[in-house]
Amino acid sequence: MNYMRDFSPAYHIPVLLSEAMDGLNIRANGVYVDCTFGGGGHSTEILAHLNPEGRLYGFDQDADARKNSLPDERFVFIPHNFRHLQRFLRLHNVTAVDGILADLGVSSHQFDEPGRGFSTRADANLDMRMDKRQALTAESVLNTYTEQRLQEMFSRYGEVTNAKTLAGAIVTLRNKTGFRTVNGFKQAIADLVKGNPNRYFAQVFQALRIEVNDETGALREMLEQTPAVLKPGGRIAIISFHSLEDRMVKQFFRSGHFEEKDEQDPYGSSPSHTVFRLITKKPITPSAKEVSLNPRARSAKLRIAEKI
């Protein structure tokens, strides 16, 4: 089946498109949610599977994404973070849906737009906000967070090997001159780089981006709402790009909570409060062909579950 319909490739190439569509097992007259609308690639394909009675709701907190809104009466764009999933669906008189999709990756547009401050390759203000309405920026994180909080952030979200040293250096350096721009920050910490500079800065910036946008907090809140939002038999497909996010999705689908506990009863079974049946026991990853066409897809992992 051909899943490469019209979308905005300059904004974002949809990752694991055919695998996500197959996993959602779309019902032609169903109600669906694309939690991360972006360039509309996944949404365009969902709409192609729906008949005139079907409906699709697309969430995206990035104002730029609204410019890609689809001219289709079956589609509604909701300009908010998916952590408010249930609230805004109810505002549209939707109490239950047949499927939920979320692609947790940063869009190509956000990386390629220099002024957004997401990329390590272009100079810009240290911003990194996906939602310009919020106050917290990468600049404020670097200039105000305590050393301990910076260390935890770089270690947890970026897996930066010298997180403690880096955090200490940032606190010392900012007392002399505050951090304002991407290049200024990179130059200030250049002597602390471990291993490949491109990879090191990518890890540091990833940690900043996740913190600024509270990405793990938003993911947790969205997942906690899905049992109430999904109809029995409805499916949820999550594409993650970071090991921490993938673990959260995996654990929630399997147990209904986020804590990884090794608590087995004497008979060897693990207690579980999940309402999901796993469709994917192991995550689906992109093919070599997809990675060659879209290198940013290489770390993607797709997990699918069905509400019992």
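Provided above is the structure to which this section pertains.
Values in this document were obtained by computation on a predicted structure and should not be read as measured data.

Asker: Help me out: how do you make sense of the sheet that holds strand β4 (residues 97-103) in this one?
Answerer: Sheets are built from strands that pair by backbone hydrogen bonding, the pairs being arranged parallel or antiparallel. In spatial order, the strands read β3-β2-β1-β4-β5-β7-β6; together these 7 strands make up an open sheet with mixed pairing. The sheet is open, and its two edges are formed by β3 (75-78) and β6 (276-278), each paired on a single side. Taken over all neighbouring pairs, the strand axes of this sheet differ in orientation by 20° on average, direction set aside. In this structure, β6 lies alongside strand β7 (residues 301-307), joined through 3 bridges in antiparallel fashion. Paired with Leu-278 across the strands is Ala-305, a residue of β7. On the sheet, helix α10 (residues 215-229) packs against β4, β5 (230-240), β6 and β7 and is oriented at approximately 155° with respect to β5.

Asker: Sorry if this is basic, but what is going on with the packing of aromatic side chains here?
Answerer: Pairs of aromatic rings are described using the distance from one ring centre to the other and the angle between the two planes. On inspection of all chains with the given rule, the structure shows 8 aromatic pairs. Through pairs of rings, three or more aromatic residues link up here, namely Phe-252, Phe-253, Phe-258 and Phe-276. Just above the ring of Tyr-145 sits the side chain of Arg-149; from NZ or CZ to the centre is 3.9 Å. Between Lys-186 and the ring centre of Phe-201, over which it is positioned, the NZ or CZ distance is 5.2 Å.

Asker: Sorry if this is basic, but what is going on with the pairing of β4 here?
Answerer: For a regular strand, side chains alternate in direction, first toward one face of the sheet and then toward the other. Counting buried positions along β4 yields 7 of 7 residues, so the element is predominantly enclosed. By the bridge criterion, 3 bridges tie strand β1 (residues 31-34) to β4 in an arrangement that is parallel. Paired with Tyr-32 across the two strands is Gly-99, which belongs to β4. For β4 and β5, the ladder comprises 6 bridges, and the chain directions are parallel. Of the residues in β5, the one forming a bridge with Ile-100 is Ile-236.

Asker: How should the side chain of Lys-307 be read in this particular structure?
Answerer: The topology assignment puts Lys-307 in strand β7. Within the buried set, Lys-307 has no salt-bridge partner at all; the shortest N-O distance to an opposite charge, 11 Å, is to Asp-98. Every residue in contact with Lys-307, bar those within four places of it in the chain, is listed here: Pro-227, Leu-230, Lys-231, Pro-232, Gly-233, Gly-234, Val-275 and Phe-276.

Asker: Would you mind going over the packing of helix α6 (residues 147-158) against helix α9 (residues 197-212) with me for this structure?
Answerer: A pair of packed helices can be characterised by two numbers: the angle between their axes and the separation between those axes. Two numbers describe how α6 lies on α9: the axes approach to 8 Å, and their chain directions differ by 105°. In terms of orientation, α6 lies roughly perpendicular with respect to α9. Facing Arg-149, Met-153, Phe-154, Tyr-157 and Gly-158 of α6, the residues of α9 in contact are Gln-203, Val-204, Gln-206, Ala-207, Leu-208, Ile-210 and Glu-211. Among the residues making up the contact of α6 with α9, the classes are represented as 7 nonpolar, 3 polar and 2 charged.

Asker: Explain α9 to me, please; I cannot follow it from the model alone.
Answerer: Residue pairs three or four apart in sequence face the same way in an α-helix, which turns once every 3.6 residues. Between its first and last C-alpha atoms α9 spans 22 Å; for 16 residues at 1.5 Å apiece the expected length is 22 Å, and the two agree. For α9, the complete set of buried residues consists of Tyr-200, Phe-201, Gln-203, Val-204, Phe-205, Ala-207, Leu-208, Arg-209, Ile-210, Glu-211 and Val-212. Where the residues of α9 are buried, they touch α5 (138-144), α6, α7 (163-174), α8 (182-188) and α10. For α9, the N-terminal capping position is held by Asn-196, with its side-chain oxygen 2.8 Å away from the main-chain nitrogen of Asn-198. Taken from the residues just after α9, Asp-214 is the one with a positive phi, measuring 45°.

Calculation criteria
- Residues numbered from 1 in each chain as written.
- Predicted model: local features only at pLDDT ≥ 70, side-chain atom pairs only at ≥ 80, totals over all residues.
- Heavy atoms only, no water.
- Pairing = 2+ DSSP bridges.
- Helix = DSSP H or I, 4+ residues; strand = E, 2+ residues; numbered from the N terminus.
- Axes fitted to C-alpha atoms, helices over the stretch in contact; angles between N-to-C directions.
- Contact = heavy atoms within 4.5 Å.
- Phe/Tyr/Trp six-rings, centres within 6.5 Å; stacked < 30°, edge-to-face > 60°.
- Lys NZ or Arg CZ within 6 Å of the ring centre and 35° of its normal.
- Buried < 20%, exposed > 50% of the residue type's maximum accessible area, 1.4 Å probe, protein only.
- Lys, Arg positive; Asp, Glu negative; His and termini not counted.
- Salt bridge = Lys/Arg side-chain N within 4 Å of Asp/Glu carboxyl O.
- Parallel < 35°, antiparallel > 145°, perpendicular 65-115°, else oblique.
- Nonpolar A, V, L, I, M, F, W, Y, C, P; charged D, E, K, R; others polar.
- Expected span 1.5 Å × (residues − 1).
- Polar contact = N/O pair within 3.5 Å; in protein donor to acceptor, adjacent residues only side chain to side chain.

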